[in-house]
Amino acid sequence: MELKGLQAEQAQPDQQAQRVEMEMTELLELKVLQAELDLQAHKVIKAQQAELDLQAHKVTKVQLEQVALQVAQELKAKKEK
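Remember, it's a predicted structure, so these values are computed and weren't measured experimentally. (Residues numbered from 1 in each chain as written. Predicted model: local features only at pLDDT ≥ 70, side-chain atom pairs only at ≥ 80, totals over all residues. Heavy atoms only, no water.)

K.L.:
Residues and numbers for the overall build of the protein chain, please.
P.N.:
Along the backbone of the protein chain there are one helix and zero strands. In the protein chain, which comprises 81 residues, the share counted as buried stands at 0%. As presented, the protein chain carries roughly 8,000 Å² of accessible surface, and 60% of it is formed by carbon and sulfur atoms. (Helix = DSSP H or I, 4+ residues; strand = E, 2+ residues; numbered from the N terminus. Buried < 20%, exposed > 50% of the residue type's maximum accessible area, 1.4 Å probe, protein only. Areas by Shrake-Rupley, 256 points an atom, 1.4 Å probe, with all protein chains shown as cover.)

K.L.:
So, a nonpolar patch on the surface: which residues are in play, and what are the values?
P.N.:
A surface patch of nonpolar side chains, amounting to about 270 Å² of accessible area, comprises Val20, Met24 and Leu27. Position of Leu27 relative to the elements: it lies in helix 1 (residues 2–80). (Patch = residues over 30% accessible without salt bridge, like charges linked within 9 Å, V, L, I, M, F, W, Y side chains within 5 Å. Salt bridge = Lys/Arg side-chain N within 4 Å of Asp/Glu carboxyl O.)

In structure tokens:
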């Protein structure tokens, strides 16, 4: 009986150590997953920002073209007077 009790006492710390090791492994895996998610989010944000910058550039270009056309029309109208 005492031998079984001693074995059980020795098994407990081993099981605890195993459990701690498993929990640490799980924690590291979660940290890796979080880092991967952060990287993906960063990539998505950068892509969205690039798209927004491109759209803003196109809008600015169109606005400048409209202003240039308006100025050209005004100059033409002044010359005709």
